Amino acid sequence: MVDFEKELPTEGLFMTPYGGNNDQNRIGGNCRVYTTKHRDASGRAKQSSILIDLGNLFGDRDKYEFDEFIPDVMQHLEKKEASETYSVEDPLDGILLTHGHEDHISAIPHYLRRGYKLPTIYAPKLTVETIKKQLQNQGLWEDVKGDLKFQIIKPGQNFKVGEFNVTAVATSHSFADSLSYFVETPTANFFHSSDMKADATIPIGDATDFELMKRLSEEKGCQALIIESTNAPKEAAITTEGMVHDELFKMMKGSRQAAASGLKNKRIITAIMGNNHQRLATMAELARLTKRSIFPMGNAIEDALKVLKRAGHDLEKNYGLNFSKSAQRLKSLRPGQQMIMATGTQGEVLSTLGRAARGEHPSLQIDPKTDVIIMSSTDIPGNEAAIEKMLAPLRKKGVMIITPKQANTHSSGHGSQADISQFIDALKPQTILPMHGGDIMLEANTRLAESKGYRAYLQRRNDGTLHIGSDGTITRVQNRMDKWIGVYDMNNDFRNPDYKYTRNVRIDGKPANFILQGDYTNFGRPKYIVRQRKIKYSHKPD
């Protein structure tokens, strides 16, 4: 709580989380605003603010009354059309994005739909292309493209945003080309991590650049490390992408050393999240090595491959492959010549694997004599029942199903304590502030920092502004309600959404009865028909 008896700092570096530190171990809605207030050499007051990430938090209509939640940052954004009744309290000099997973970017379309004007967005090219694709899918791109300004950022690049001097640091994650940011201000420097791991075996993009971190910290000093906490409770080192590659290669070659042997002549059907670019590349490499024809199936995977290509990662060209969609070609090949990348990792009803499991897919019929299902993802908490319901008829038919519990078929995009420790050791911050997680995760990250002899500050909720001192001291200077904007699809129809927004919503879904009337569907309903159901996550995908 704020100590009102104490004189609170009014100048320096301030951080306000608007999402990401959530209850019930719910992951999502990641969003933080950093503000620097200082006086220049002539004594003039200077103020500058940046926002890092603007994601959504998936809801559940039955449990939380809303389909999504988005961070409430209205006071930082200008309206596209000027209004005498609306003023910006703390305008932003820019938005920095670490990567393109939905819990880091998917509030952007909602704010554009509601008529807000966004400042320049600084992000990796793959993230920018993902945003463009998302806006195209929602029918918004043609209406908003003239109002958006993107600045493509590359690993190692130094750039200026307002009064912030920023260096982009390559960071390993399941979403390729992710970036963390080392940020210098006149009074204190901080490092804001992307979703991260220390995996040096990722096939796309640069791996985590610990050498750059060390150099920046040694030369400039790091007062605060703001770092994600998703896998902080896990002590053991995570499976790397290279280990997944090696395990699956042994399986496909029929090696007796593999966790499941005898698969050389089987058709491999691998369930993958479309936004796991590293896994898509791993499967492409395996198809090349085993001389199998590869078939991407499902909108999320097909969209991801298109976006990767636009961003300079053409997997077909890079691995000498031809991604086929031909049902006729699928029938013409022997099982051992085929590899299928399928959507359906979380039991989505209309996914490729979901439809095939029920015998409703037009070109994919699963046969226990010839097919093997490999689940190459984490079961997101809350989706276990849906996943098992999808797989149950396949198990009943006798189809072999291999999961990460049986073999190294998945590498998380989030590092464990071993990975987090490497970030801490490289940066040697004066204070560590865990983010991106619920209570168990944030607490575990705090304990880890303290066990290594570092000072840590645990902020459990998105409920106040912190001052980061020049010596890394953290002072809470303002309290605020941990509130969100609830997003409700009035038609309850993912093919034809018509959104309503409710402000001052608590995370438990109890609205403050403040409906933003006339503040939605500015551009009408989406022109693009979404063909695949969007499952509502209670935990973030990796």
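Just so it is clear, the structure is predicted and the values come from calculations on it, not from any experiment.

**Some details on the sheet that holds strand 17 (residues 293-297)**
Strand order in this open sheet of five strands is 17-18-16-19-20, and the pairing throughout is parallel. The strands lining the two open edges of the sheet, one partner per strand, are strand 17 and strand 20 (400-402). Taken over all neighbouring pairs, the strand axes of this sheet differ in orientation by 20 degrees on average, direction set aside. Relative to strand 18 (residues 338-342), strand 17 runs parallel, the two being bridged by five bridges. Counterpart to Ile294 in the pairing with strand 18 is Met339. Packing of helix 8 (residues 277-290) onto the sheet brings it into contact with strand 16 (267-271), strand 17 and strand 18, and relative to strand 18 it is tilted by some 175 degrees. This element, helix 13 (residues 384-397), spans strand 19 (371-375) and strand 20 of the sheet and lies at about 160 degrees to strand 19.

**Focus: the packing of aromatic side chains**
Scanning all chains against the criterion turns up eight aromatic pairs. Seen from their ring centres, Phe210 and Phe423 are 5.2 Å apart, and the 80 degrees between their planes marks the pair as edge-to-face. Placement of the pair is Phe210 in helix 6 (residues 210-220) and Phe423 in helix 14 (residues 417-427), with a sequence separation of 213 residues. Here Phe210 matches Phe423 in class, with each residue buried. Ring pairs connect the aromatic residues Phe66, Phe69 and Trp484, which therefore count as one cluster. In this arrangement the basic side chain of Lys37 is found over the ring face of Phe14, its NZ or CZ atom lying 5.3 Å from the centre. Geometry around Tyr116 places Lys79 over its ring, the cationic atom sitting 4.2 Å from the centre.

**A look at the confidence of the model for the chain**
On average, residues of the chain score 89 in pLDDT, and 89% of them reach the 70 mark or higher. Counting contacts from residues 517-542, a segment whose pLDDT is below 50, to residues more than four positions away or on other chains yields 107 contacts.

Reading the values: rules and limits
- Residues numbered from 1 in each chain as written.
- Predicted model: local features only at pLDDT ≥ 70, side-chain atom pairs only at ≥ 80, totals over all residues.
- Heavy atoms only, no water.
- Pairing = 2+ DSSP bridges.
- Helix = DSSP H or I, 4+ residues; strand = E, 2+ residues; numbered from the N terminus.
- Axes fitted to C-alpha atoms, helices over the stretch in contact; angles between N-to-C directions.
- Contact = heavy atoms within 4.5 Å.
- Phe/Tyr/Trp six-rings, centres within 6.5 Å; stacked < 30°, edge-to-face > 60°.
- Buried < 20%, exposed > 50% of the residue type's maximum accessible area, 1.4 Å probe, protein only.
- Lys NZ or Arg CZ within 6 Å of the ring centre and 35° of its normal.
- pLDDT = per-residue confidence, 0-100.

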